[in-house]
Amino acid sequence: MIKRLLLHVCCAPDATVPFRDLKAEGWSEIVGYFYGSNIHPEDEYRRRAATLDFLSEREGVFVSMRPYEPEEWLVHASPLADEPERGARCALCFALQLRAAAEEGERRGVTHLSTTLSISPHKDAALISRLGREAAASRGLTWEDRIWRKNNGFLRSVQISKELRLYRQNYCGCLYSRPDRGLPERSGICGASAGPTTLKASVYDARIQHARKTPPGNS
Ligand code: SF4
């Protein structure tokens, strides 16, 4: 049976173990998919995308990069700006990413859908599985349920990332998760080592205001 998998990738460090383990399993095809519009600011998006590009080439797994459209993400997520991490905003964010991945999977004619999100010990694996299953079913795909952090998966990802000298961010991705937005600094959400970066908060606040006034699809 031909089994073709689309793997939603949240960042390069989190893709290290899934890429290697899946390649060892004999899938007919493995293709990655990077959503990215939840990542702010744009410099940070570009840095993460470039790191993933490097990993893609190094490991021989093609990754499809969605165009960067942060306003589209903000239209949906900004009403939940005050939600804590792991709350309703993150559930919505996962759903947006997984639905986009399922859509891409259908377009590419894959049979299965999975995600790297479950490698993080800070993310709700049961929630990710439920949302992934729903997204896959909506496009006629089979959800490949993996909890990558099992069997020391997270530690292996940290180790491989160090070996390959991958950039490892110190916050999850969106402006609401940044330490310099007044939220407590977190480490290990997607891997951590980088120092603080500069955020032009006023630019992103303006984008939020714009997004709130603009109906989805018209931004
Ligand atoms: S903290 Fe991470 S998962 Fe939650 S909304 Fe922001 S980018 Fe998405």
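Predicted model only: the values in this text are computed from it and were never measured.

Asks: For this particular structure, what's the right way to read the pairing of strand β2 (residues 29–34)?
Replies: Put simply, side chains in a regular strand alternate between the two faces of the sheet. As paired elements, strand β1 (residues 4–9) and β2 share 6 bridges and run parallel to each other. Paired with V9 across the two strands is F34, which belongs to β2. For the handedness criterion, the β-α-β arrangement of β1, helix α1 (residues 12–23) and β2 is classed as right-handed. Judged from the 3 bridges that link them, β2 and strand β3 (residues 63–65) form a sheet pairing that is parallel. When the bridges of β3 are listed, Y33 appears paired with S64. Regarding topology, helix α2 (residues 42–59) serves as the crossover connection from β2 to the parallel β3, and that connection is right-handed.

Asks: Is there a simple way to think about the pairing of strand β4 (residues 112–115) in this case?
Replies: Where β1 and β4 come together, 4 bridges link them in parallel fashion. Bridged to L6 within β4 is L113. Bridge count for β4 against strand β5 (residues 142–143) is 2 bridges, and the pairing is parallel. Bridging across to β5, L113 finds its partner in W143. Between the parallel pair β4 and β5, the chain is carried across by helix α5 (residues 125–138), and the sense of this crossover is right-handed.

Asks: What is the right way to read the sheet that holds β5 from this model?
Replies: The strands making up a sheet associate through hydrogen bonds between their backbones, and the pairing can be parallel or antiparallel. What the 5 strands build is an open sheet, ordered β3-β2-β1-β4-β5; its pairing is parallel. The open sheet has two edge strands, β3 and β5, and neither has a second partner. Across the face of the sheet, helix α4 (residues 88–108) comes into contact with β1, β2, β3 and β4 while running at roughly 150° to β1.

Asks: Whenever I open this one, unusual backbone geometry confuses me. Can you help?
Replies: One can expect most non-glycine residues to show negative phi and most peptide bonds to be in trans. Omega for the bond connecting H40 with P41 falls within 30 degrees of zero, at -10°, which places this linkage in the cis form. Residue position: P41 is located in the loop between β2 and α2. One non-glycine residue, R86, lies in the positive phi region at around 80°. Assignment of secondary structure puts R86 in the loop between α3 (70–77) and α4. One non-glycine residue with positive phi stands out, namely R165, at about 55°. Looking at the secondary structure, you find R165 in the loop between α6 (153–163) and α7 (201–213).

How each quantity is defined
- Residues numbered from 1 in each chain as written.
- Predicted model: local features only at pLDDT ≥ 70, side-chain atom pairs only at ≥ 80, totals over all residues.
- Pairing = 2+ DSSP bridges.
- Helix = DSSP H or I, 4+ residues; strand = E, 2+ residues; numbered from the N terminus.
- Right-handed = clockwise from strand over helix to strand, strands pointing away.
- Contact = placed C-beta atoms within 7 Å.
- Axes fitted to C-alpha atoms, helices over the stretch in contact; angles between N-to-C directions.

That is the geometry; function is a separate question.
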